[in-house]
Amino acid sequence: MTEEDPGPVVQRILLGAELREARENSGLSTSDATRRLGWYAGKLSKVEQGDKSVTDRELSKAIDVFGITRERADALKELATEARRKLPPARVPEWATKYVNLIAAATELKLFFPDSFPGTVQTFEYAHAMLSDSVVVSRADVDRMAEERIKRATTLLHNEEARFWLIVGEEALHREIGGKRVLRDQLEQIRQFANSPNTTVQVVPFDGGAHTCHGTSFTIITLLEGKPSIVYTEGLTGSDYLGREHVRVYNLAYDNLRAVALSPQKTVEAIDRRIEELS
């Protein structure tokens, strides 16, 4: 899998979003469309969420039922073909594979983590310390997964196309994951992100009072300008990909976080102070 080819997961999600939009434009509910397509209950929802591919025959039926134009139909057929390709397994748990592919294909990312720095921006040693304490990652996979994280961080740091927003709670600046030196190196890497022209880093301070996202970490992923975004949330043993109304709510929450967080400049000053304390 190359940087230019993020994999079929992205194509499935784009195809699903297009089909959902076409269905809604045709005035059909999910249940009505399912009956007209002759699909089993729940299949259309899985296709629209990007969790299931479709055959050429199934897509042709959907094109007819939804009244999709011939020009648009050709693009959807190409997407469907791409979505059925096979790829080698990624070095992440199976349930996180979609997220890795989405991050690689995103044009905009908005991340909030209340008490640590996310895998997307981690150094090797910071990632290694976190993965080593995981109850779902085997010891044999720790080194490889930590390497994957620094590759993603390096790619994102040098990506001049994608817009990247990172908000963390102030605890992330103080929790010594891996020890003082590891945290200091991690903060120095975050300082590099903050200096990148396409990245905004902010910290929600301890004394900032209540905000909308206590105890919640999430990522808002935009694949294409003007297309629906996706919200990614992750637990110990699985993850959720949320769309539509969820995206609106999470974007409102993110706007609130940006308002209560330190400004980008004051955030950099706070990071510099913490680096000095750890030196």
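The shown structure was predicted, so the numbers you read here are calculated from the model rather than taken from an experiment.

Q: Please explain the environment of E71 as it appears in this structure.
A: Take E71: it is sitting in helix α5 (residues 70-83). Look at E71 and you get exposed, because its relative accessible area is 70%. Residues E71 and V203, 132 residues apart in the sequence, show an inter-C-alpha distance of 46 Å.

Q: Is there a simple way to think about helix α6 (residues 97-105) in this case?
A: Side chains that are three or four residues apart share a direction in an α-helix, a result of its 3.6 residues per turn. Inspection of α6 places K98, Y99, V100, N101, L102 and I103 among the buried residues, and these make up the whole buried set. Along its buried surface, α6 packs onto α1 (8-25), β1 (108-113), α8 (139-157), β4 (218-222), β5 (230-234) and β6 (239-242).

Q: What should I look at first to understand helix α11 (residues 245-260) in this one?
A: For α11, which comprises 16 residues, the first-to-last C-alpha distance of 23 Å matches the rise-based estimate of 22 Å (1.5 Å per residue) to within 8%. What α11 keeps buried is the set V247, Y250, N251, A253, Y254 and L257. With its buried residues spanning 165 degrees around the axis, α11 presents them on a single face.

Q: How should I be thinking about the nonpolar core in this particular structure?
A: Side chains of a nonpolar character, in soluble globular proteins, are inclined to be buried together. If you look at the biggest cluster of nonpolar residues, it comprises 59 residues, and the most contacted ones within it are L19, F66 and F117. With seven residues, α1 is the largest single contributor of residues to this core. Residue contacts for F117: discarding those within four places in its chain leaves Q122, Y126, M130, V168, A172, L173, Q186, L187 and I190. Counting residues in each nonpolar core, the second largest holds 15 residues, with F112, V204, F218 and Y254 among its members.

Q: What should I look at first to understand the pairing of β4 in this one?
A: Counted residue by residue, β4 has five buried out of five residues, so it is predominantly covered. Here β4 shows a buried face lined by F218, I220 and T222 and a second buried face lined by T219 and I221. Bridge count between β1 and β4: five bridges; the pairing is antiparallel. If you follow L111 over to β4, its bridge partner there is T219. Bridge analysis of β4 against β5 gives three bridges, and the strand direction is antiparallel. Note that in β5 the partner of I220 across the bridge is V231.

Analysis parameters
Residues numbered from 1 in each chain as written. Predicted model: local features only at pLDDT ≥ 70, side-chain atom pairs only at ≥ 80, totals over all residues. Heavy atoms only, no water. Helix = DSSP H or I, 4+ residues; strand = E, 2+ residues; numbered from the N terminus. Buried < 20%, exposed > 50% of the residue type's maximum accessible area, 1.4 Å probe, protein only. Contact = heavy atoms within 4.5 Å. Expected span 1.5 Å × (residues − 1). Arc of directions from axis to C-beta. Core = buried A, V, L, I, M, F, W, Y, C linked by side-chain atoms within 4.5 Å. Pairing = 2+ DSSP bridges.

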